[in-house]
Structure formats: C-alpha cells, structure tokens
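# An overview of the molecular structure
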Amino acid sequence: MRKTVAYLTIVLILGFILESCSQSEKRFKIGVSQCSEDIWRDKQNAELRMGAYLQGNVELRFAAAYDSDERQVQQIDSLVATGIDLLIVAPNQVATISPAIDRAYDKGIPVIVFERKTNSQKYTAFISADNYEMGRVMGEYIASQLHGKGRVMEIMGLKGSSPAIERHNGFVDGLKNYPDIDIIATLQGDWTEESAVKAITEYEGDLTNIDFVFGQNDRMAIGARKALKSPTIKYCGIDGLPGEDGGIQLVRDSILDASYIYPTHGDQLIQLAVNILDGKQYKKETLLMSALVTSDNARVLLMQNEEIMRQSDYLDQLHNRADNYLEQLGTQRVVNWMAIGVIVLLVMTIVLFYLYYLKKTAIQHERVVNTLWNMEDGQGDGGESGEEDEESSVSLFITRFKEVVESRLADSDVSVEDLAADMNLSRVQLYRKVKSITDSSPVEILRTARLNRAYQLLLTTDLSVSEVAYKVGFTSPSYFTKCFKDEYGKVPGEVRPA
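Cut-offs and rules
Residues numbered from 1 in each chain as written. Predicted model: local features only at pLDDT ≥ 70, side-chain atom pairs only at ≥ 80, totals over all residues. Heavy atoms only, no water. Helix = DSSP H or I, 4+ residues; strand = E, 2+ residues; numbered from the N terminus. Buried < 20%, exposed > 50% of the residue type's maximum accessible area, 1.4 Å probe, protein only. Contact = heavy atoms within 4.5 Å. Areas by Shrake-Rupley, 256 points an atom, 1.4 Å probe, with all protein chains shown as cover. Phe/Tyr/Trp six-rings, centres within 6.5 Å; stacked < 30°, edge-to-face > 60°. Lys NZ or Arg CZ within 6 Å of the ring centre and 35° of its normal. pLDDT = per-residue confidence, 0-100. Expected span 1.5 Å × (residues − 1). Core = buried A, V, L, I, M, F, W, Y, C linked by side-chain atoms within 4.5 Å.

## Regarding the overall build of the chain
Scanning the chain for helices and strands turns up 17 helices and 12 strands. Evaluated residue by residue, the chain yields a buried proportion of 39% over its 498 residues. For the chain, the proportion of contacts with a sequence separation of at least 24, taken over those separated by at least 6, is 68%. For the chain, the accessible surface area stands at approximately 28100 Å², while carbon and sulfur atoms represent 54% of it.

## Thoughts on the packing of aromatic side chains
For any pair of aromatic rings, the description consists of the separation of the ring centres together with the inter-plane angle of the planes. Under the defined criterion, the tally for this structure stands at 9 aromatic pairs. With centroids separated by 4.8 Å and ring planes inclined at 55°, the aromatic side chains of Tyr455 and Tyr488 adopt a geometry described as tilted. Of this pair, Tyr455 sits in helix α15 (residues 442–460) while Tyr488 sits in helix α17 (residues 477–488); the two residues are 33 residues apart in sequence, bridging distant segments of the chain. Owing to a relative accessible area of 26%, Tyr488 belongs among the partly exposed residues under this scheme. Ring pairs connect the aromatic residues Tyr455, Phe474, Tyr479, Phe480, Phe484 and Tyr488, which therefore count as one cluster. In this structure, Arg167 is placed above the aromatic ring of Tyr262, and the distance from its NZ or CZ to the ring centre is 4.7 Å. Note that Lys433 overlies the ring of Phe397, its terminal NZ or CZ placed 5.5 Å from the centroid.

## Points about the confidence of the model for the chain
For the chain, per-residue confidence averages 84 on the pLDDT scale, and residues scoring 70 or more make up 83% of the total. The spread of mean pLDDT over the elements of the chain runs between helix α1 (residues 2–22), the lowest at 47, and strand β8 (residues 212–215), the highest at 98. Predicted confidence is poor over residues 1–12, with pLDDT under 50, and the contacts of this stretch with residues over four places away or in other chains come to 7 contacts. Confidence drops under a pLDDT of 50 for residues 361–383, and excluding neighbours within four residues, the segment shows 2 contacts in the predicted structure.

## Considerations on helix α10 (residues 266–277)
In a regular helix each residue adds 1.5 Å, so 12 residues correspond to 16 Å; α10 covers 17 Å between its end C-alpha atoms and thus fits that length. Within the sequence span of α10, burial applies to Gly266, Leu269, Ile270, Leu272, Ala273, Val274, Asn275 and Ile276. For α10, the elements touching its buried residues are β1 (28–34), α2 (39–55), β2 (58–64), β3 (86–89), β4 (111–114) and β5 (125–129). At the C-terminal side of α10, Gly279 shows a positive phi close to 75°.

## Examining the nonpolar core
Among the nonpolar cores identified, the biggest contains 30 residues, and Met153, Ile155 and Val213 are the most heavily contacted of them. Broken down by secondary-structure element, the contributors of at least two residues to this core are β6 (150–156), β7 (181–188), α7 (193–202), α8 (218–228), α9 (247–252) and α11 (298–377). Counting residues per element, this core draws most heavily on α8, at 5 residues. Ignoring anything within four residues of it in the chain, the contact list for Val213 reads Met153, Ile155, Ala224, Leu228, Ile233, Lys234, Tyr235 and Cys236.

As structure tokens, then:
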C-alpha cells in the first residue's frame, strides 16, 4: 500500500512538471567568454542582454578572463560543462585559446568567434570589424595631418592578440608611401591606460620631437598623453565609444585628435546565435561597418549616440516594467500551483496518517504476541540489544542522509521534499528525524554542506566566486556571499590562498 502511494505521488509530481514545461518554449543557453573586462565590453554585454531580452528565449552565461589565457581556457571548459547550446568567445590570444574552442566545437556546440581571431578553423561563424583597415586608415590619416613628414610612436595592444597584430600591420602599410615619416618606436601595451604609461616611462629611446602617437585603443592613447605631457604632440586611438569619457567625446573636446569607431553590436551577435540554433541561414564571416572620428564629425556623432543611448534607457525602463508584469503573472501561477500542491499534500497526509495508524496497530499487535512468546520461553525483554539496534539505526540514517545531501548540492532547485523522497520519507518525517538527531533542520544542513563545499572549491580551484556559487547550488552570487560571510565571518574572496 505504501509503495502504491509513493508511485502515485511521483506520477502526480511528474505530471505537474511536464505540464508546466510544455507551456514554455525551449530556452537556448548561450555562454559568453570575454577575454577581458573594460568599458568596450561593458557596452557590448549590455547589448547582448538587451538582444537576449528581445529574443525572449535566450539565457546568457557570462565569463570574463581578465586577459588570462589559462583562466579563459578554464572558463570555456566550465561553460561547456554546464550544458550550453552555443558558445560566443573573444579569444585572448590567437593560438593559446584554440584548444578549448576546439573541445567545445568537437562536442557539437556551435562556436561564434567575435572581435578577435583564433588560428583554428573549428568555429561556426566569425564576426568582427576590420582591424587591418582601421590601422591602415589611421596611418594615412596621420600622414595627411603631418603633410607626409614627421616622427610617430605606436602603442600596441596585448601581445599575441589578433587586433594588435592586424592594427599594427595596417598602420605600417598605411605609412609605406610616406618615407619621410619615421616610426621612432613601437611599444608594447595590453589595452589598458596604465600599460601605455608604463611602456613610455620605461622606454630608453629618444622621446623628443614626437609629432603623433597612435594608441591601438583610446585608453592607451590617453595613457600616452599622460606620460608624455606635451601640448604639441597629437594623439589618436581606436574604439570611438559614445558617452562620457568615450572616444567620440575625447575627440570633440580635442583631447584626442582622432579615434575610430570599433562597433560592439551585441544585439547582432545574439541574432546570429539564434539563427544558428534555429537552423536558419547565416553568414560564416561577417565584417562590421566602422568609421573614422575626427573633429569634423565628432559633435554630430556624439549627438546621434546620445539620442540612441536615451532611447536605450527608455527601452530599459520598458524592460523593467515588463519584467514586473511578468513577475506578477508568475506569482499568480505559483499561487495556483501551490493551491494544487496543498490539496495533493492534504490527500497524501490523510493517506499517510491512515497507513501510520495501520502500521502502529500492527506493531502493537506484534509486541503483544512477542511478549507472550517470551514469557512462555522465560526470556528477557532484550533492552540492551534494543538500544544497540537503535544506535545502529541512527548511524545508518545519518550516513544515508549525508549521501543524499552531498549528491544534491549542485541542484539549486532541490527542496526538503526532494530530500525526503530520496530518503523514502515524508517531509514531516525527515524534518522530525533530522531535528531530533542534529538539532538542525534539513535546510540548515544543506546550506552548511554547500558552504563547506564552496570553501574547498575556493581554496583548491581557480573558479570565480560566481562560478563557485552556481556550482554548489546557489542561484545568486550576492546571496551566496551573504551566507558565506554569516557562516565564516569573511567574504569568499578572502579565503583565496595568497
């Protein structure tokens, strides 16, 4: 009878789950592996999120490698392990990230390589602006400003990255027809303002009479400006971002002489990804349009971008209002399911109480029979043996409950009912049993086990705090950080080995 009720309960729960899933469309899980984190990528990530929202059936999972090849390889493998449907990746360097991309592709996961190239051919699509053309146009622009004669310095981006290589090659080719322009130095940076300052500070060559500095992005151009501190030198870069302190504003305000718009187009990336997943036609190679920014067009471009940003803010507000509305609908749906659940639980409770009553009656009858039998045989009641059996039963229960908890750590949706089902107990039975033995609730024990596992992962792996949080079943990194601090008196980042 008890097995019949258990089977019936499982069938009911599975029926509810299947019905709920059938009412929602398939969601695509897309992993985004960014080689770094900066204002250009912040803008692109915002566009990716907006594109995912407009698609409605896309879930994004972000990872940023902070210019570390090793970290990006680990993050790509981790994203693949979570079961993504497609990978979007900006490789940190041309060669070193290729093996991780190949592993994802070989598992049947479509790969979109964007902004930076890989030396592997195992990708589904590539999308970027033309970095060689940007460098070439910048070279010709500087030559025109110098009337074909002068001294120029170049600050390159991250060594081994395809944009740095291609922008340099284009820049050199753009100056080939101007023999009186001397490239006095090509210094190595890493896309950051600080790297340009450091490269110039440590340069031992002649820094006098420089006419122009070409930073391969706007931040390095600004770093060069701060390091050289010369009012006569002109500076140009690449990125041409809108907004405060973006390249377009810097050109308008004559801080930079020129920049070059390096388009982010996160929404176009998402559309390409969905087309691939939906089996629609798509281009394997896509070059994005870009443009030179000078004092002649900076003011107009800035006005246009400010209007676009204003409209984007307006869309964000609409997005938030829509989310609130959907949340209300979701809450109503949850209430309906809870009402159904309460009815099912009431029925189950009545049945279980009835079964408990039958079992208790049978046990009492059995005890009476055993007592009579023992009395006839002249045997004792076996009290000590009963205590040993009880201790053994408690030990077995604790061992089994520990196994169940550890097997469900990564499941963020696991409930006390799930744990109870794994133990072949009701929720109430599991709670009472665990509480009587440990003086803690099952939920408290599950949370403590998750935090203990997280502590070990932080000590022994290079996973980010967010990745650790999701790996041990927390749905929110911020909530994980709060619980971790409550448990250990410090935030997760403080337990990393020095």
